[in-house]
Amino acid sequence: MKRSLLVGTLSVAVSGLLIAGAGAPASAAKGPRAVSPKASKAEALRDAIAEVTASPGAVRAGSHDTFLSHDVTVDKDGTRHVHLDRHYQGLPVLGGDVIVHSAPNGELRSTSMTLKAPLSLSVTPKVGKQRAIAAAAAKFKGTKKRSRAQLVVDATSATPVLAWQVVVDGTAPDGSPSHFYTLVNATTGKAGKSWNTFHATVVPGRSRTAPKTTAPRAASLAGVSASGTGHGYQVGDVTLGTNSITGGYELKDPTRGNGETRDAQNKTATNDSPPAGWGVGFTDADNVWGNGALSDRATVAVDAHYGIQATWDYYKNVHGRNGIKNDGVGARSFVHYGVNYDNAGWDDDSFSMIYGDGAVGQKPFTELDVAGHEMSHGVTAATAGLNYFGDAGGMNESTSDIFGTLVEFNANSPADTPDYLIGEKISSTPLRWMDDPKKDGSSQSCWTTGTKNLDPHYSSGVGNHWFYLMAVGSGSSSYGNSPTCNGSTVTGLGNATAGKIWYRALTTYLTAASTYADARTATIKAATDLYGASSTQCTTVEKAWSGVAVAPTATTCGGTTQPPTGTNLLANPGFESGATTWSASSGVITNDTGASPHGGSYYAWLDGYGSAHTDTLSQSVTIPSTATAPKLSFWLAIDTKETGTTAYDTLKAQVVSGTTTTTLATYSNVTPSGYVQRTLDLSAFKGKTVTIKFTGAEDSSQATSFLIDDTSVTTG
């Protein structure tokens, strides 16, 4: 297929290469077709570029937008999901990223984004860089090492603005490395949102309760393909992946991307991000590590190293993810960080974990769910890239709590009995409870309009509670007692199902500025992909979100999209029940994988044969005389092999009233596009029983397909 390309209206930059007016993928013509091999990530990216170039409106792009590749996923069935970061007049756009979802043949299916409209603003600041740095530095608490700033477009709020993104690198008051970000309005000079990209386990400034002193229980050997034996403080006796070197072994695991554990020697990194060779590597002559007590510095190294491999194994064996960035590279851990450092955290800048030994009288932070939690921040950064503020910040933290918990369950160690508590072994009181997050006195169990204003460790409660309801269910169980915010009952589906749904939502549908409402939409789409639109899994997703007070969105199970206003008067509006209630030409209502639905599995496919042909689709409906503003809405995608500006093939949206047929709108091969919602006025038909009809007419030459889905007739 050769589409009419809007050359010059959109440029797409990929890995530094600026591409304008790239070609489009092959058409989804109806009838027998060759089965194409699964596309490579490079092919998926190339085709997504072509689609975005041809249909800039689908990604709300203007003439000054460029895009850089962020992440690419190709499903087993060939469906593509290409995550792109947006730049406007050369400036990064916070909240401007978009995921382009395409069919196996490259056809644009839909997009995921939070940007509401194309950008249009000046990029000339009225406030200078130094003034912005000074405003941001005033918010930083700790020891400052250096500051840096760049202009960005902040599109995370209702009205996008030009801002200075100021980063103050230094050391936080508790000794943690710090990369403190602040957005300063480039017009007014007012300092706004702030966040830190060093993700600490304990909220800075919040002390933990002194733990009871108990000896760790021994764990059964994990049976991983390595020869080292570890005697850990938190994980008990385990098998470790090590590397053979001259004279002995080192704590580096060649089978897991060379993930390694090093001794920070109670120092702190002078550049605030420990580099690869910083600290001292752990070596041993007999490949037996630690003694189970803190008298041996290698004991907590066993904990940390086991945390690396348990996290790697979970993502690899459960989700097929090859390391944190899915690039086969293992993470790095530094233990004995600082003097009496009472925290732990993940630093994405250096791709490493640091663990403190704890304050006097406290335990070291090398617990298994802490390891899984912190390294999962790296997974989030490599996929959805969730911001660390607003609702997205809470979901960033809850993602780490969810997967840290699943790492713990997957390891199933008797030294750390799996549960839905976070950090329970490093303190006598858990850091967080997933069954009812408000138990900690700061977290929210139910979403409110104020959730976005909380520290991400506390706004994470909404996501944690949702996951617990998904996995375990509401009410009392051996793991806790979980109430719902609406008094409903939710039956859990188990960790495997809940984890797969959240992982797919994270890697396929969520973008940087997503809200909890967006997460509800994303998980419904994920459950639909994995289990079907009418599945118990999908309906449980809806129940669990309602159970944490996240209200329904336009996307629901069953593959339908809610009408704009009022009750949908059409039956089977998303075609998920097949041809029920509709009259249609043979083959029009289908779940054929040669093209794609807007939602669910079924859709209406009119024409696309490349020969003289007419298809119809219709349903009778009564429009009340009391309707205030009746409307017909539907999602329409047009795919054509025709070229030029002549309308050879057409689709007419019509209303048949008695013997009169009224054409409300005509669409043609001249304007190909991915799914776009069309809304037409039905006011002239109030008080009448009419037939809503679509008529697709194709000439004898090139094929044009008209795809219709998620229809509605509403009263206004």
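Quick summary incoming for the structure in this document. Quick caveat, the model's predicted, so the values are computed rather than measured.

Some remarks on the nonpolar core
The tendency in soluble globular proteins is for nonpolar side chains to be buried as a group.
Turning to step 1, where the next piece is worked out: Ranked by size, the top nonpolar core spans 75 residues in total, and within it Phe-403, Trp-466, Phe-467, Trp-502 and Trp-545 carry the most contacts.
Turning to step 2, where the next piece is worked out: Take this core: its biggest share by element is ten residues, from helix α3 (residues 298-319).
Turning to step 3, where the next piece is worked out: Every residue in contact with Phe-467, bar those within four places of it in the chain, is listed here: Ile-402, Leu-406, Tyr-420, Met-434, Asn-495, Ala-498 and Gly-499.
Turning to step 4, where the next piece is worked out: Counting residues in hydrophobic clusters, the runner-up holds 29 residues, among them Ala-604, Ala-627, Phe-634 and Tyr-667.

Regarding the state of the cysteines
Turning to step 1, where the next piece is worked out: Overall, the coordinates contain two disulfides when judged by the stated rule.
Turning to step 2, where the next piece is worked out: Covalent S-S linkage joins Cys-446 and Cys-485, the inter-sulfur distance amounting to 1.9 Å. Measuring the twist about the S-S bond at about -95 degrees, one finds the Cys-446-Cys-485 disulfide to be left-handed. On the criterion of sequence distance, the pair formed by Cys-446 in the loop between β26 (432-433) and α6 (456-471) and Cys-485 in the loop between β28 (480-482) and α7 (495-508) is long-range, its members being 39 residues apart.
Turning to step 3, where the next piece is worked out: On the basis of relative accessibility, which here comes to 27%, the residue Cys-446 falls in the partly exposed class.
Turning to step 4, where the next piece is worked out: One disulfide in the model links Cys-538 with Cys-557; its S-S distance is 2.0 Å. Here the S-S torsion is close to -95 degrees, and the disulfide linking Cys-538 with Cys-557 is therefore left-handed. With Cys-538 in helix α9 (residues 536-547) and Cys-557 in the loop between α9 and β29 (583-584), the pair connects residues that are 19 residues apart, well separated along the chain.
Turning to step 5, where the next piece is worked out: With cysteine numbering restricted to those in disulfides and following the sequence, the protein has the pairing 1-2, 3-4.

Quick look at the packing of aromatic side chains
Turning to step 1, where the next piece is worked out: Summed over the entire model, instances satisfying the criterion amount to 23 aromatic pairs.
Turning to step 2, where the next piece is worked out: Consider the rings of Tyr-314 and Tyr-315, whose centres lie 5.2 Å apart with planes at 70 degrees: the pair is edge-to-face.
Turning to step 3, where the next piece is worked out: For Tyr-315, a relative accessible area of 2% translates into the label buried.
Turning to step 4, where the next piece is worked out: Taking the centre distance of 6.3 Å and the plane angle of 80 degrees together, the rings of Phe-403 and Tyr-503 count as edge-to-face. Of the two residues, Phe-403 sits in helix α5 (residues 390-411) while Tyr-503 sits in helix α7, which places them 100 residues apart along the sequence.
Turning to step 5, where the next piece is worked out: Since its relative accessible area comes to 0%, Phe-403 is described here as buried.
Turning to step 6, where the next piece is worked out: An aromatic cluster of three or more residues is present, and its members are Trp-278, Phe-334, Tyr-337 and Tyr-341.

Rules used throughout
- Residues numbered from 1 in each chain as written.
- Predicted model: local features only at pLDDT ≥ 70, side-chain atom pairs only at ≥ 80, totals over all residues.
- Heavy atoms only, no water.
- Core = buried A, V, L, I, M, F, W, Y, C linked by side-chain atoms within 4.5 Å.
- Buried < 20%, exposed > 50% of the residue type's maximum accessible area, 1.4 Å probe, protein only.
- Helix = DSSP H or I, 4+ residues; strand = E, 2+ residues; numbered from the N terminus.
- Contact = heavy atoms within 4.5 Å.
- Disulfide = S-S within 2.5 Å.
- Phe/Tyr/Trp six-rings, centres within 6.5 Å; stacked < 30°, edge-to-face > 60°.

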